[in-house]
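# An overview of the molecular structure
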Amino acid sequence: MVAPLKVGIAGLGTVGAEVVRLIESQSRALSARCGRGVRVVAVSARSKAKKRGLDLRGLEWAKNPLALANDPKIDCFVELMGGSGEPALSAIEAALRNGKSVVTANKALIAKHGSRLAALAEKHGGALNYEAAVGAAIPVIKTLREGLAGTGINRVYGILNGTCNYILTRMEREGLSFAECLKDAQRLGYAEANPSFDVDGHDTAQKLAILASLAFGTKVNQSAVYVEGISSIAPEDLRAAEELGYRVKLLGVAVRTESGIEQRVHPTMVPRSSSIAQVMDVTNAVTIDGEGIPPITLVGPGAGGAATASAVFADIADVARGIRAAPFGRPIAKLKIAVKAPMKRHEGGYYIRLMARDLAGTAATIATRLAEQKISIESIVQRHPDGAVEPVNTRGKPSPVPVILITYATTEDAVRRALHAVQQDRVITGRPQVIRIEKN
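Rules behind the numbers
- Residues numbered from 1 in each chain as written.
- Predicted model: local features only at pLDDT ≥ 70, side-chain atom pairs only at ≥ 80, totals over all residues.
- Heavy atoms only, no water.
- Core = buried A, V, L, I, M, F, W, Y, C linked by side-chain atoms within 4.5 Å.
- Buried < 20%, exposed > 50% of the residue type's maximum accessible area, 1.4 Å probe, protein only.
- Helix = DSSP H or I, 4+ residues; strand = E, 2+ residues; numbered from the N terminus.
- Contact = heavy atoms within 4.5 Å.
- Expected span 1.5 Å × (residues − 1).
- Phe/Tyr/Trp six-rings, centres within 6.5 Å; stacked < 30°, edge-to-face > 60°.
- Pairing = 2+ DSSP bridges.
- Axes fitted to C-alpha atoms, helices over the stretch in contact; angles between N-to-C directions.
- Patch = residues over 30% accessible without salt bridge, like charges linked within 9 Å, V, L, I, M, F, W, Y side chains within 5 Å.
- Areas by Shrake-Rupley, 256 points an atom, 1.4 Å probe, with all protein chains shown as cover.
- Salt bridge = Lys/Arg side-chain N within 4 Å of Asp/Glu carboxyl O.

Counting 80 residues, the largest nonpolar core has Phe-77, Tyr-130, Val-140, Ile-167, Leu-211 and Ile-230 as its most contacted members. The biggest single contributor to this core is helix H10 (residues 202-216), with nine residues. For Tyr-130, the contacting residues outside a window of four places in its chain are Thr-104, Ile-110, Ile-141, Arg-145, Ile-210, Leu-214, Asp-315, Pro-327 and Phe-328. Counting residues in each nonpolar core, the second largest holds 32 residues, with Leu-12, Val-103, Phe-313 and Ala-320 among its members.

Turning to H10, a few remarks are in order. Taking 1.5 Å as the rise per residue, H10 with 15 residues should run 21 Å; its terminal C-alpha atoms sit 21 Å apart, in good agreement. Burial of H10 is extensive: 14 of the 15 residues sit out of reach of the surface. Positive backbone phi, at 70 degrees, marks Gly-217, one or two positions downstream of H10.

Moving on to the environment of Ile-337. Mapped onto the secondary structure, Ile-337 falls in the loop between helix H12 (305-321) and strand E13 (347-356). Using a relative accessible area of 70% as the deciding quantity, one classes Ile-337 as exposed. Considered as a pair, Ile-337 and Ser-213 are 124 residues apart in the sequence and their alpha carbons are 9.6 Å apart.

Aromatic ring pairs are defined here through the distance separating the ring centres and the angle between the ring planes. Tallied over the entire structure, the rule returns two aromatic pairs. A centroid spacing of 5.5 Å and a plane angle of 40 degrees characterise the contact between Tyr-130 and Phe-328, whose relative ring orientation is tilted. One end of the pair, Tyr-130, is in the loop between strand E6 (128-129) and helix H6 (140-147); the other, Phe-328, is in the loop between H12 and E13, and 198 residues separate them in sequence. For the pair shown, Tyr-130 and Phe-328 are each scored as buried.

As a further point, take the environment of Ile-261. Assignment of secondary structure puts Ile-261 in strand E10 (residues 260-271). Separated by 80 residues in the primary sequence, Ile-261 and Ala-341 have C-alpha atoms spaced 5.3 Å apart. Non-local contacts of Ile-261, meaning those with residues more than four positions away in its chain, are made with Phe-216, Val-255, Arg-256, Ala-338, Val-339, Lys-340 and Ala-341.

What holds strands together in a sheet is hydrogen bonding between their backbones, with the strands either parallel or antiparallel. Strand order in the open sheet made by the six strands is E3-E2-E1-E4-E5-E6, with parallel pairing throughout. With one partner strand each, in any of the chains shown, strand E3 (60-61) and E6 form the two edges of the open sheet. On the sheet, H12 packs against strand E1 (5-10), strand E2 (38-44), strand E4 (76-79), strand E5 (101-104) and E6 and is oriented at approximately 170 degrees with respect to E5.

A few words on the pairing of strand E7 (residues 153-159). In terms of burial, E7 is largely enclosed, as six of its seven residues are buried. Here E7 runs beside strand E11 (residues 283-290); their pairing, made up of six bridges, is antiparallel. Each residue of the ladder has a partner; that of Ile-153, found in E11, is Gly-290. Here four bridges tie E7 to strand E9 (residues 246-257), and the two strands are oriented antiparallel to one another. Along E9, the bridge assignment pairs Tyr-157 with Val-253.

A surface patch of nonpolar side chains, about 240 Å² in accessible area, is lined by Leu-188, Tyr-190 and Val-282. Relative to the elements of secondary structure, Tyr-190 occurs in the loop between helix H8 (178-188) and helix H9 (196-199). Overall, the relative accessible area of 38% leaves Tyr-190 in the partly exposed class.

Bringing the side chain of Gln-206 into the picture now. Looking at the secondary structure, you find Gln-206 in helix H10. When neighbours within four sequence positions are excluded, Gln-206 is seen to be in contact with Lys-107, Ala-108, Ala-111, Phe-197 and Gln-222.

Before going further, it helps to examine unusual backbone geometry. In this structure, the amide linkage connecting Glu-86 to the following residue, Pro-87, adopts the cis form with an omega of 5 degrees. Checked against the element boundaries, Pro-87 lands in the loop between E4 and helix H4 (88-97). Positioned with a positive phi, Ala-136 is a non-glycine residue whose angle comes to about 50 degrees. Position of Ala-136 relative to the elements: it lies in the loop between E6 and H6.

What follows is the structure in C-alpha cells.
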C-alpha cells in the first residue's frame, strides 16, 4: 500500500475551505484516480474560531504558515493566502527547500517571483503547481505546459478578468455608463470596494505575464506588460463597435513579433463573429494560436470559490500521482529573458473617436495629420447627436461633432503622433478615444 499524500493548507478562506470539503467528499474517487489516498492533516489560518462549516477537530493547527511549511509530517504545502510578499513567499520557499511539493492559487506571487520559486522546486525535487492562478477552472496552464508541449506558440490572448467582462457586458446590453455598472458589480460582489486592481488591468497583467512565460519559454516579467484599463470606455464606443461589427473586451495579449515578445493589456475591439466575442458576463476565455493547428479557445469560470478550488484540487491530484512537470514547461536554465517589443511598434487597426469642432477645415486638418503619418482610413463616420442637423451648445456655438475613424493596419507610434498633432491644431475637444483592434 502506498502511504497517503499528507496535505497542509495555509489559508482557510472561501477557496481553502472548499478544498478541504472536496478532499473529504472525493477521497475515494481521488484515491482510485491517483493510486494513493490524499488527506489534509494540518492547517494554518488567521482565526481558529471563525465558523467555516467544516469539522476541523482532527487537524493540527500550525501557529503560522511558515511553521506549517516546515512541518515534517506534510508532503504537500497548499498556499491559499494570496499576496505577492509575506507570509506567502517565505512559506512557499521553506516548503520547497524542504523538498515538499507546493500548490498555490497566488497569481501575484507567481507573476513576481515565479522564476525564483521554479528554481527552488527544480533544485529540491518538489512540484510547483499553480493552475488556479490563471483562469481558475480553465485548464490553461496544463494546456500550455503539457498539452501543447510540442507546439510552437505564436500568440496567446484572452479575457482574464471577470469583473471587467461583466462591466463591459452590462454596458453593452443596457447602454449604462462605466460608473453605473461598476457600482452594480460592487453590490453583487463581482468587484471589490477598491476595484482599481481589476478595472485598471493589473490583475489581467499578472495572469498574462504567467501565460507569456509558458507560451514562449521566457522568465516571468510582469513589468514588461503594457497596461490600460476600461474606465475610459463609454456607451457610445460600444454602440459604434456593434455597428462596425465588433465587440469591446479587455484582453491580455502576448504575441511573438519580429522585435520581440509583445505583452499588452487594454480594451480591444474583436470581431463579433470570433469565439472570444461570445464570452459574456463574468466568464473568462483564453485563445492559443499554435503553429500548424487552428486556434484553441478555452472558456469557463475564471474566479469563485468552487472554480478555483477545483483547479487546486486537480494540482494536488497531480502531486499524489507523482507528476513533476517543470513549472514553466522547461528547465529553469532554459528560460530566456524575453526581448520586450516596444509598444510604439505595435501594428494593427485602430478605432479612433474624436470630438471634432464644427468648423470649416476641421476634416481636412484631421485627414492631413493622418496622411503625414501614412495612416490609411478604412471607414469614417460622422454623426450629429440625436439626429440634430446643427447641434448647438448653451452659448449658441456649434457643439463638437463625434467623428469615428477605423484605420487599416498602422503602428502605435504613428497613431499617437497624428493625434498629438490634431490636438495641437485645436480642431478637436477633449482627449481622443483610441481602441486597438485584434483580428482573429
